[in-house]
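Chain by chain, the residues run as shown.
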Amino acid sequence: MQPTPHQQRGLTLVELMIAMTLGLIVIGALIAVFVANNQNYRQNEAIATLQDNARFALDAISRDLAMAGYWGGVRAVDAATNVRISTAAKTAVSKTASDGDCGPGTQAASFYWLFDVATPVEFRNHLDTTALTDRFRCLLPANVRSNSDVLMIRRVSGQQALLDPPGGTLSTHRFYVKTNQNIASLFRASGSSFDRGTPADCPDGSGSNAPCPPLDTPQQVYAYTPQLYYVRNYLRTPGDGLPILCRRYLDDSSATAFMAEDCLAEGVENLQLEWGIGTGAVQRYVNDPTPAQLLDARSVRLHILVRATGKNVQASNDAKTFTLADYTSASEAGMLRRAFTTTVQLKNLQP
C-alpha cells in the first residue's frame, strides 16, 4: 500500500545545513589532527637527524683527539727526536700547492708542516688575527666560517697495518710509521712488499745501504693519518645556507699526495674547543692556548652548534643565542638549533 502524502518524511533545509556543518567540523578536526601529527613527525625527524649529525661529528673529532700524538708506542714528548722521517715521504707532498700539505703559505726549507711530529695538535682560535691562509694554505676564507675554530691532529692509526713484519703487504704510495715503541721511521711505501725499507724509504741520515730503523724486533707498522677539522660555510654551493663539518685528510692513493676534503656532518655551524692545561692534572681551561700550553694539555672540552637540515620545521619564534667557550652565536628566530658538549682526555700527550 502506498504511503499517503502526509506520512512521507525527509530532511528540511535547516536539518541539511546542520548536518553539513557538523560534517565540516569533523572533517576540519581530522585535518587539524593530521597536520599536527605531520608537523610533529617532521619535527621529531628533524631533531633525530640533528642529534645524529651532532653525535657523528663529536665521535669523529673525539676519536682523533684521543689518539693525538700516538706514534705506535713512542712517547709524544720524544717524537721530535725518535720519529725519523724519510726524504721520500717529505718530498712526496707539495709545500707550495694549495691542496698539498695544507701548511703555512711560507715554510722554511727544512720544515715539513705535514710531518711535524713534534706538534701532535695544532689549533687556531676563531679570534686569531693571523690570516687563515697563513696558517692553513688549503682553507680559503670564503669557504670556512670565520667564527669557528680550526683543529689539526697528527697521529697514526690505532690498528696495525702489518701484524707480523717483515711479512705482509702495504698499500703502494701510503705513508706508514714503523716502530718498536722506542724509535720509529715515517716512510712512504714504494711498493706492496715490506723489506724493512729501501734506500728511498729510509729516514735522513740512515745511510744509503742501511735499512730503515728500527731493526730490532718486535716491529709494528701503522698508517699515518693526519686530520684537519673545520666548519665549511656551505654544503654544496655558495648561498645554500647549510653549514657542514669538514676535514682534510692525507690522500695518498696516487703518486701525488695531497690533503683532500671530506665533509662529515651536515648542519654543524660552529666548532669551539677549550683546552685543559696543567701538570699531572687539569688546573684550568683556556680558549686560546700557546703552542707550549698545547703540549701540556690534558683534556679538551669540545663544543659544537648544530642546526636542522630540513625545511618547514617548526621552531620557536623567539630569537635564541648559544654560548660555546669564548663564542656567542648570533640571535636567530625560527631556526631549530642545539648545542652539544663533550670532554676528551688527551692520554698520549702526557709524559
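Quantities reported herein were computed from a predicted structural model and do not represent experimental measurements.

## Considering the packing of aromatic side chains
Argument step 1. Under the counting rule described, the total for this entry stands at seven aromatic pairs.
Argument step 2. On the basis of an interplanar angle of 80 degrees and a centroid distance of 5.8 Å, the ring pair of Tyr70 and Tyr222 is categorised as edge-to-face. You can see Tyr70 sitting in the loop between helix 1 (13-67) and helix 2 (79-82) and its partner Tyr222 sitting in strand 7 (residues 220-224), a full 152 residues away along the chain.
Argument step 3. On the numbers, 5.6 Å between centres and 40 degrees between planes, the contact of Phe115 with Phe175 is tilted. Of the two residues, Phe115 is situated in the loop between helix 3 (87-91) and strand 2 (121-124) and Phe175 in strand 5 (residues 175-179); the sequence distance between them amounts to 60 residues.
Argument step 4. Residue Phe115 is classed as buried on the basis of its relative accessible area, which comes to 4%.
Argument step 5. With relative accessibility at 0%, the residue Phe175 sits in the buried group.
Argument step 6. An aromatic cluster is defined as three or more aromatic residues linked by ring pairs; in this entry it consists of Trp71, Phe115, Phe175 and Tyr224.
Argument step 7. In this arrangement the basic side chain of Lys95 is found over the ring face of Tyr112, its NZ or CZ atom lying 4.3 Å from the centre.

## Re the pairing of strand 8 (residues 227-232)
Argument step 1. With six of six residues buried, strand 8 lies mostly within the body of the structure.
Argument step 2. Burial along strand 8 is two-sided: the face carrying Gln227, Tyr229 and Val231 and the face carrying Leu228, Tyr230 and Arg232 are both buried.
Argument step 3. Pairing analysis gives three bridges linking strand 3 (residues 150-153) to strand 8, with the strands arranged antiparallel. Residue pairing across strands places Ile153 opposite Gln227, the latter belonging to strand 8.

## Notes on the nonpolar core
Looking at soluble globular proteins, one finds that nonpolar side chains tend to be buried together.
Argument step 1. Membership of the largest hydrophobic core comes to 36 residues, with the highest contact counts inside it found for Leu65, Leu273 and Trp275.
Argument step 2. Of all the secondary structure elements, the ones that give two or more residues to this core are helix 1, strand 2, strand 3, strand 8, strand 10 (258-266), strand 11 (268-277) and strand 13 (297-307).
Argument step 3. Counting residues per element, this core draws most heavily on helix 1, which supplies eight residues.
Argument step 4. In this structure, Tyr70, Val93, Leu139 and Leu250 belong to the second largest nonpolar core, which totals 35 residues.

## What about the state of the cysteines?
Every disulfide links exactly two cysteines, by a covalent bond between their sulfur atoms.
Argument step 1. Per the counting criterion, the structure on display carries two disulfides.
Argument step 2. The disulfide partner of Cys102 is Cys138, and the gap between their sulfur atoms is 1.6 Å. Of the two residues, Cys102 is situated in the loop between helix 3 and strand 2 and Cys138 in the loop between helix 4 (132-135) and strand 3; the sequence distance between them amounts to 36 residues. Of the two residues, Cys102 and Cys138, neither departs from the other in class, the shared state being buried.
Argument step 3. Each sulfur in the disulfide pair Cys246 and Cys263 lies 2.1 Å from the other. Between Cys246 and Cys263, the disulfide has an S-S torsion of 90 degrees and is therefore right-handed. Pair noted here: Cys246 is in strand 9 (residues 244-251) and Cys263 is in strand 10, with a separation of 17 residues, a long-range link.
Argument step 4. Of note for the protein chain: the bonded cysteines, numbered N- to C-terminal, pair according to 1-2, 3-4.

## Focus: the confidence of the model for the protein chain
Argument step 1. With 82% of its residues at a pLDDT of at least 70, the protein chain reaches an overall mean of 83.
Argument step 2. Within the protein chain, strand 3 carries the highest mean pLDDT (97), whereas helix 1 carries the lowest (82).

## Quick notes on the environment of Glu274
Argument step 1. With respect to the helices, strands and loops of the structure, Glu274 is situated in strand 11.
Argument step 2. Among the residues examined, Glu274 registers a relative accessible area of 13% and is labelled buried.
Argument step 3. Dropping the residues within four chain positions of it, Glu274 is found in contact with Tyr285, Val286, Asn287, Ser299, Val300, Arg301, His303 and Ala325.

## A word on the pattern of salt bridges
Argument step 1. Throughout the structure, instances matching the rule amount to 15 salt bridges.
Argument step 2. Its salt-bridge partner being Arg135, residue Asp128 comes within 3.1 Å of it at the nearest N-O pair.
Argument step 3. One salt-bridge network, in which partners are shared between bridges, spans Glu122, Asp128, Arg135 and Arg154.

## Considering the side chain of Arg298
Argument step 1. Position of Arg298 among the secondary structure elements: in strand 13.
Argument step 2. You can call Arg298 buried: its relative accessible area is 5%.
Argument step 3. Within the structure, the side chain of Arg298 is placed 3.2 Å from the backbone oxygen of Asp296, a separation counted as a polar contact.

Conventions used here
Residues numbered from 1 in each chain as written. Predicted model: local features only at pLDDT ≥ 70, side-chain atom pairs only at ≥ 80, totals over all residues. Heavy atoms only, no water. Phe/Tyr/Trp six-rings, centres within 6.5 Å; stacked < 30°, edge-to-face > 60°. Helix = DSSP H or I, 4+ residues; strand = E, 2+ residues; numbered from the N terminus. Buried < 20%, exposed > 50% of the residue type's maximum accessible area, 1.4 Å probe, protein only. Lys NZ or Arg CZ within 6 Å of the ring centre and 35° of its normal. Pairing = 2+ DSSP bridges. Core = buried A, V, L, I, M, F, W, Y, C linked by side-chain atoms within 4.5 Å. Disulfide = S-S within 2.5 Å. pLDDT = per-residue confidence, 0-100. Contact = heavy atoms within 4.5 Å. Salt bridge = Lys/Arg side-chain N within 4 Å of Asp/Glu carboxyl O. Polar contact = N/O pair within 3.5 Å; in protein donor to acceptor, adjacent residues only side chain to side chain.

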